[in-house]
Amino acid sequence: MKYMKLGSKPDVFQAESSNIRFVATELATDIVISIGDVKFYLHKFPLISKSSRLQRLVASSNEEKNDEVDISDIPGGPSAFEICAKFCYGMIVTLNAYNVLAARCAAEYLEMFETIDKGNLIYKIDVFLTSSIFRTWKDLIIVLQSTKSLLPWCENLKVINHCIDSIASKASIDPSEVEWSYTYNRKKLPSENGIDSHWNGVRKQPMVPSDWWVEDLCELEVDLYKRVIMTIKAKGSTPAVVIGEALRAYAYRRLLGSLEDAVSNGVDCTKRRAAFDAIIFLLPAEEGSVSCGFLLKLLRAACLLESGESHRVNLIKRIGTQLDGASVSDLLIPPNTDESNIYSIDLIMAIVEEFMLQNSDSVKEKIQDDEEIVEIENVTSVSSPSKLAVAMLIDGYLAEIAKDPNLPLPKLIELAEMVSSLPRPTHDGLYRAIDMYLKEHPSLSKSEKKKLCGLMDCKQLSQDACMHAVQNERLPLRVVVQVLFFEQVRASIASARSDPSSELPSAVRSLLPRENGNSIGSSRSAATTTTEEECGVPASSDINSLRSMRLANNSGGSERSSGSSDINKNSDDKSAAGKAKGMLMPKKILSKLWSGKTNAGENSSSDTSESPGSVNPEEAKSTQSRITRRSVS
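Everything numeric in this text was worked out from a predicted model, so none of it was measured.

**Q** When you look at the overall build of the protein in this model, what are you seeing that I'm missing?
**A** The helix and strand inventory of the protein stands at 30 helices and ten strands. Out of the 633 residues in the protein, the part that is buried amounts to 45%. Residue pairs at least 24 apart in sequence account for 71% of intrachain contacts in the protein once pairs closer than 6 positions are excluded. Surface accessibility of the protein: about 31800 Å² in total, with carbon and sulfur atoms responsible for 51%.

Right under this line is the structure:
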């Protein structure tokens, strides 16, 4: 049992138990204050001298000859009333950010106004709030958090509005004027970490980041946080990017953390949905105020929480404007529960479609022709860094989703064709996606393989990709021959350039990619325009001859042409080098490359080779030649 002296009155002591508070004194108590299960045995005079409400209640109880007064509806409960009772007994009351608001609401309930007694509790608390609490950053956050259990009293007393306005004002000032403590655990600038803190021998003060207030506000509940951010935005002095950073930090604290586990385990996500709705509502309209990765995480959360369609549509539009800032991992969004695929492909296709619409090269112009206005479509070729980034992004995404055994081929082809017009430095990413899909789907038919490989332009493969492709058992033989052919043309061009006296034929120059990354003539149209029945495969001897011509220009060619015998190697290399320099390719090989008739079927796919970037060089050297394994008549 704990004892505490209440005040300067004659020997008054308070004893506490679990649910009843007794006051013992030499003078008999004459009133009992009941608050739920808690009872206070006190004296009337100290209380009624400072509380208008207790005056009325005591008078009413006297008429009924009842010495008990029930005030169970007092805000703040027994602890808040205890502060008021101590004040009435003349005790020095200790107030802080945790109990001041409850005491203020309780004093308002008890009507402890200045008209009852000069220097009453309400006046003293208001002075304390104004002079101390509302001027201290940390105390403001604590007081605002405590208002949730004191509604609607705090709202009626305008305390919440006062706290919010004070917080917003402090968050909106110049960071150089911040002189109070704050929480900041994110990555700081070099000057904030003490690096480069001297300049010309004069020590600089540590720089306060512009988003110094972000983490402290994450402690607020959703409704209060929303009101604070709206007030900060209304003041107009905080950059949109700082608002975006605040929302990102709050989302990781209140929404994104363990969201997938909560949804999968059936945990109530009401608070997370409220946080999601608030964040979407507060997103700044300025472009670039939030990162594309953060927007994609919000879209992922929208799918998990099964939020409204309007939220998804708005997020898709915003993501489409800055898709070039995303990463492949950001795009790996799980589907709805009723889908069999590993990832939500349709969602990404909608985003890509939005990007293509907003970055279309087609511009409609109106011209006047014989008193009639004619609308024409002016198609321009624009190569921008954003388009290049998106092309490489989708290529990487295709390689990831190609690992899904349930992914239908038309879906993969449709997504790839949506970005087929975007510039790429190479088609290595597409090749990797094609190879990955062939590996995970070995039962594809010949026509399906042809459609899949038609996404790739063999002329735009890098040397490493070409080296991998010619040894790839999963690729159709015709594609391998195309790769060999264009590698030979490229090698011949390099040989001709080294000899200034030689000039390249225009037919050869037309086969090479332009310097800007776009092909003059697509290998897909040049090599696959004919039907599969019309397309043939050259004889094995012709292929070996062509391969020898290509490898004659490479130092490592002998290692990759394991199918050729050592006896004929030197003679083949000399013959190929002579043909490469003079661009005299056998007519028989070229004709069979484009229109030969095949009489042999495709061999089954194998899982021994990997895509460029993941291939083991030792494995590549030891892999048996693709051409020598084919049986061609």
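Structure shown, so let's carry the discussion forward.
**Q** Looking at this model, I keep getting lost on the environment of Ala465. Mind explaining?
**A** Relative to the helices and strands, Ala465 resides in helix H22 (residues 463-469). Note on Ala465: relative accessible area 0%, which makes it buried. Placed 18 residues apart in sequence, Ala465 and Val483 show a C-alpha to C-alpha distance of 9.5 Å.

**Q** In this structure, what is going on with unusual backbone geometry? I would like to understand it.
**A** The phi torsion of most residues other than glycine is negative, and most of the peptide bonds are trans. Cis geometry is adopted by the peptide bond preceding Pro152, which originates at Leu151 and carries an omega value of 0°. For Pro152, the location among the structural elements is in the loop between helix H6 (137-146) and helix H7 (153-156). If you check the backbone angles, Glu111 has positive phi at about 60° while not being a glycine. Position of Glu111 relative to the elements: it lies in the loop between helix H4 (100-110) and helix H5 (121-131). Residues other than glycine seldom take positive phi values, yet Glu306 does so here, at roughly 55°. Inspection of the secondary structure assignment puts Glu306 in the loop between helix H14 (292-305) and helix H15 (309-321). Taking the relative accessible area as the measure of exposure, Glu306 reaches 60% and is therefore exposed.

**Q** Explanation requested: the pattern of salt bridges in the structure shown.
**A** Taken as a whole, this structure holds 19 salt bridges when the rule is applied. Put simply, Lys235 and Asp165 hold a salt bridge, and the shortest N to O gap is 3.4 Å. You can see Lys235 sitting in helix H10 (residues 222-235) and its partner Asp165 sitting in helix H8 (residues 159-172), a full 70 residues away along the chain. Judged by relative accessible area, which is 35%, Lys235 ranks as partly exposed.

**Q** Mind showing me how you'd approach the nonpolar core here?
**A** Counting residues in hydrophobic clusters, the biggest one holds 155 residues, and the most contacted among them are Ile33, Phe81, Trp213, Leu217, Leu298 and Leu323. Broken down by element, the residue count for this core peaks at ten residues, all from H14. In this structure, Leu323 is in contact with Cys292, Leu331, Ile351, Val352, Phe355, Val390 and Leu393, ignoring residues within four places of it in sequence.

**Q** Please clarify how the pairing of strand S5 (residues 38-42) should be interpreted in this entry.
**A** A regular strand places its side chains so that they alternate between the two faces of the sheet. Going residue by residue along S5, you find Val38, Phe40 and Leu42 tucked away on one face and Lys39 and Tyr41 left uncovered on the opposite face. As paired strands, strand S4 (residues 31-35) and S5 are joined by five bridges and run antiparallel to one another. The partner of Ile33 across the bridge, within S5, is Phe40. Turn length for the S4-S5 hairpin, with the two strands adjacent in sequence and antiparallel, is two residues, and the turn residue Gly36 shows positive phi of about 65°.

**Q** When you look at the state of the cysteines in this model, what are you seeing that I'm missing?
**A** Chemically, a disulfide is nothing more than a covalent bond linking the sulfur atoms of two cysteines. With the rule as written, the count across this model stands at zero disulfides. Its sulfur unpaired, Cys88 is 6.9 Å from the next cysteine sulfur, which belongs to Cys84. Residue class for Cys88 comes out buried when judged on its relative accessible area of 8%. The thiol of Cys163 is unpaired, and the distance to the nearest cysteine sulfur, on Cys154, comes to 8.2 Å.

Criteria and thresholds
- Residues numbered from 1 in each chain as written.
- Predicted model: local features only at pLDDT ≥ 70, side-chain atom pairs only at ≥ 80, totals over all residues.
- Heavy atoms only, no water.
- Helix = DSSP H or I, 4+ residues; strand = E, 2+ residues; numbered from the N terminus.
- Buried < 20%, exposed > 50% of the residue type's maximum accessible area, 1.4 Å probe, protein only.
- Contact = heavy atoms within 4.5 Å.
- Areas by Shrake-Rupley, 256 points an atom, 1.4 Å probe, with all protein chains shown as cover.
- Salt bridge = Lys/Arg side-chain N within 4 Å of Asp/Glu carboxyl O.
- Core = buried A, V, L, I, M, F, W, Y, C linked by side-chain atoms within 4.5 Å.
- Pairing = 2+ DSSP bridges.
- Disulfide = S-S within 2.5 Å.

Purely geometric numbers; function is a separate question.
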